[in-house]
Amino acid sequence: MHITATHINYFRICKRKLWLFSNGINMEQTSDTVYDGKLLQDTSYPQRNEKHTELPVTFTYSGLKLYGIIDFYDARKKVIHETKRSNKIEQAHIWQVKFYLWLLKLNGVEDVTAIIEYPVLRETSEVTLTDMDILELEKVLSGIRKVLESDQCPPVIHSKICKSCSYYELCYVAEESE
Ligand code: SF4
C-alpha cells in the first residue's frame, strides 16, 4: 500500500478514519476532489497547461512506500505549486505540501519551497520544511504504521469534526447498535 498525504491528514484528524480508509472503506469523493483541484489549476493558471505539470514522487521509508503527486513543480525556481479552492482545511493543505517537500528531500532535491494558491480567494500561502517538521512527519509515519498493522478499528472519537466526516453514519450507527 502507498502512504499518501491523505493518510497523513487522516492520522492527524482521526485514527479511526485512517483505519477505515486504509482497510478499503472509502466514502470520500477523492477523485472529484482531485479533479476539482486540477480543473481549478487549469482554469486559473492556463499558461501551465503547456508545460509538464504533475510530478509523481515516491520513496520507500522504513519499509513504507510513500507516494505523492505534485500539482505543478517549477524545477528552475525549485517551487511546488498546489492549488486549492478553499482554505477551510488549511492545516491539511500545509501538511500535504510539507509531505511533498520531504519526499523531494528524500530523493535528494534540497532547498525547495512551496506555495499554496487559493485563486478563488486571491490568496497564497508559502510553506517551507523545517527539521521539526521532518521529526513530526517521522513520528506520524510511525503512528500510521501502528494503525495499519492493527486488526482493531480504533474507537469513535466523539469530536465536533465527526458531523462533517463522510464516515459519520457508519461510526455512529455502528455505535448505537452496539
Ligand atoms: S465520524 Fe468521527 S470517529 Fe468516525 S471516522 Fe469520522 S472523525 Fe473518526
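Coordinates for the structure precede this section.
To start, this report covers the structure provided alongside it. Everything numeric in this text was worked out from a predicted model, so none of it was measured.

1. So, the site of the ligand
Then step 1. The full set of residues close to the ligand is Cys-14, Arg-16, Lys-17, Val-156, Ile-157, Cys-162, Cys-165, Tyr-167, Tyr-168 and Cys-171.
Then step 2. Where the shell around the ligand is concerned, the elements lending two or more residues are α2 (15–22) and α6 (168–176).
Then step 3. Partitioning the shell around the ligand into residue classes produces eight nonpolar, no polar and two charged.

2. Concerning the sheet that holds strand β4 (residues 72–74)
Then step 1. Spatial ordering of the open sheet is given by β4-β5-β6-β7, a layout of four strands whose pairing is mixed. The strands lining the two open edges of the sheet, one partner per strand, are β4 and β7 (123–127). Neighbour to neighbour, the strand axes of the sheet diverge by 20° on average, direction disregarded.
Then step 2. Bridging between strand β6 (residues 113–118) and β7 involves five bridges; their strand directions are antiparallel. Across the sheet, residue Glu-117 finds its bridge partner in β7, namely Thr-124.
Then step 3. Those strands touched by helix α4 (residues 90–106) are β4, β5 (79–83), β6 and β7, and its axis lies near 150° from that of β6.

3. A few points about unusual backbone geometry
Then step 1. Phi at Asp-111 is positive, roughly 60°, even though this residue is not glycine.
Then step 2. By secondary structure assignment, the location of Asp-111 is in the loop between α4 and β6.
Then step 3. Here His-158, not a glycine, exhibits a phi torsion of approximately 50°, which is positive.
Then step 4. Looking at the secondary structure, you find His-158 in the loop between α5 (131–149) and α6.

4. A few points about the environment of Thr-124
Then step 1. Tracing the backbone through its elements, the reader meets Thr-124 in strand β7.
Then step 2. The spacing of Thr-124 and Lys-84 is 40 residues in sequence and 9.7 Å in space, taken between C-alpha atoms.
Then step 3. When near neighbours in sequence (up to four residues on either side) are disregarded, Thr-124 contacts Ile-115, Ile-116 and Glu-117.

Thresholds applied
Residues numbered from 1 in each chain as written. Predicted model: local features only at pLDDT ≥ 70, side-chain atom pairs only at ≥ 80, totals over all residues. Heavy atoms only, no water. Near = heavy atom within 4 Å. Helix = DSSP H or I, 4+ residues; strand = E, 2+ residues; numbered from the N terminus. Nonpolar A, V, L, I, M, F, W, Y, C, P; charged D, E, K, R; others polar. Pairing = 2+ DSSP bridges. Axes fitted to C-alpha atoms, helices over the stretch in contact; angles between N-to-C directions. Contact = heavy atoms within 4.5 Å.

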